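Structure at a glance
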Amino acid sequence: MDRAALFDVDGTLADTNHLHVVAWWEALRQAGHRVDTHAIHRAIGLPGDQLLEHLLGDERDRAGDDRLSAAHGTLYGTYFERLPAFGAAADLLRALAGDGWKVVLVTSAKDRELEALRRAIDADDAITASATSDDVEAGKPAPDPIEHALSLVGVPADRAVFVGDTVWDMEASARAHVVSVALLCGGIPHDDLAKAGATAVYDDPADLLAHLSTSPFANIPA
């Protein structure tokens, strides 16, 4: 029976969380909102509409949401040709694919942004499918993106492992009844990730790759 290795992208495979923070901070500043960067960092990983609600509250005037999201997209887009992948990110995906895992990207990134991220990671030969926030009604921390990713490869939840870097990733995985692995390279503290449901926590893709044989991936037989 097939197994699925599900991966968040921003902050997990690509070192982009702080680029998103800067882009959102500037978009919010241009719109007259003062939001501390640490608060924005904690919200990274949520889809744009949920991120704005998390930061600005549900009593805000939503008329400016599309303009804010567009500004963020424009600002972040200036980095598209130089997005950095984490070391060993491609090697990790290829190692899993070589061992028979179906590798699926599960991301809040839009299509053009995902294309840039995939170029940065440079491991398309190892990737079976990708699921974006455009594919579902509710993004992480709802389970919908993970459940959709599983449906793309026809793998049940108990035959999958999800790797992410945010509390939202861990919560989504728990709600989808999928074992989760957290990476610290996105900047969220170990204890926060563990409390949100991470089964194991590693520094970055290279650390996970070095410990694959003792990681939660080893608990799902081929």
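Everything discussed here concerns the structure shown above.
Residues numbered from 1 in each chain as written. Predicted model: local features only at pLDDT ≥ 70, side-chain atom pairs only at ≥ 80, totals over all residues. Heavy atoms only, no water.

**Some points on the overall build of the chain**
Looking only at helices and strands, one finds 10 helices and six strands in the chain. Relative to the 2.2 N^0.38 estimate, which gives 17 Å for 222 residues, the radius of gyration of the chain is 17 Å and therefore close to what a compact globule would have. The C-alpha extent of the chain, read off along each of the three principal axes, is 55 × 35 × 30 Å. Relative to its 222 residues, the chain shows a buried fraction of 51%. (Helix = DSSP H or I, 4+ residues; strand = E, 2+ residues; numbered from the N terminus. Rg over C-alpha atoms; globule rule 2.2 N^0.38 Å. Buried < 20%, exposed > 50% of the residue type's maximum accessible area, 1.4 Å probe, protein only.)

**What to know about the sheet that holds strand β6 (residues 200–202)**
Taken together, the six strands give an open sheet; going across it, the order is β3-β2-β1-β4-β5-β6, and neighbouring strands pair in parallel fashion. Both edges of this open sheet fall to β3 (127–132) and β6, since each of them pairs with a single strand only. On average, adjacent strands in this sheet sit at an angle of 25° to one another, irrespective of strand direction. Taken together, the five bridges between strand β2 (residues 101–107) and β3 define a ladder with parallel strand orientation. Note on β3: the bridge partner recorded for Val104 is Ala129. Packing against the sheet, helix α5 (residues 89–98) makes contact with β1 (3–7), β2 and β3, and its axis sits at approximately 140° to β2. Along the sheet, helix α7 (residues 144–153) contacts β1, β2, β3 and β4 (160–164); its crossing angle with β3, the most-contacted strand, is approximately 145°. (Pairing = 2+ DSSP bridges. Axes fitted to C-alpha atoms, helices over the stretch in contact; angles between N-to-C directions. Contact = heavy atoms within 4.5 Å.)

**Details of the packing of helix α1 (residues 17–30) against helix α4 (residues 65–77)**
Geometrically, a packed helix pair is captured by the angle between its two axes and the distance between the axes. Remark: α1 packs on α4, axes separated minimally by 8 Å, with the N-to-C direction vectors making an angle of 135°. Classified by the interaxial angle, the pair formed by α1 and α4 is oblique. Seen from above, α1 lies across α4 with right-handed handedness. Touching Leu19, His20, Ala23, Trp24, Glu26, Ala27, Leu28 and Gln30 of α1 are Leu68, Ser69, Ala71, His72, Leu75 and Tyr76, all from α4. (Parallel < 35°, antiparallel > 145°, perpendicular 65-115°, else oblique. Left-handed = near helix turned anticlockwise from the far one by under 90°.)

**Here's the deal with the pattern of salt bridges**
This structure, assessed with the given rule, holds 10 salt bridges. Two residues, Arg60 and Asp65, come together in a salt bridge whose shortest N-O distance is 2.6 Å. Residue Arg60 is classed as buried on the basis of its relative accessible area of 12%. Under the relative-accessibility criterion, Asp65 is labelled buried at 10%. Among the ionic contacts, a cluster of salt bridges with common partners joins Asp8, Lys140 and Asp169. (Salt bridge = Lys/Arg side-chain N within 4 Å of Asp/Glu carboxyl O.)

**Details of the environment of Thr16**
Among the structural elements, Thr16 can be located in the loop between β1 and α1. Spatially, the C-alpha atom of Thr16 lies 9.4 Å from that of Phe86, the residues being 70 residues apart in sequence. Those residues within four positions of Thr16 in sequence are excluded, and the remaining contacts are Asp10, Gly11, Tyr76, Leu83, Pro84 and Leu117.

**Focus on the pairing of β4**
Among the five residues in β4, five count as buried, and that is most of the element. Of the two faces of β4, the one carrying Ala160, Phe162 and Gly164 and the one carrying Val161 and Val163 are both buried. Direction of pairing for β1 relative to β4: parallel, over a ladder of four bridges. Counterpart to Ala4 in the pairing with β4 is Ala160. As paired elements, β4 and strand β5 (residues 179–183) share four bridges and run parallel to each other. In the sheet register, Val163 faces β5, and the bridge partner there is Val181.

Take it as geometry only, folks, not as evidence of what the structure does.
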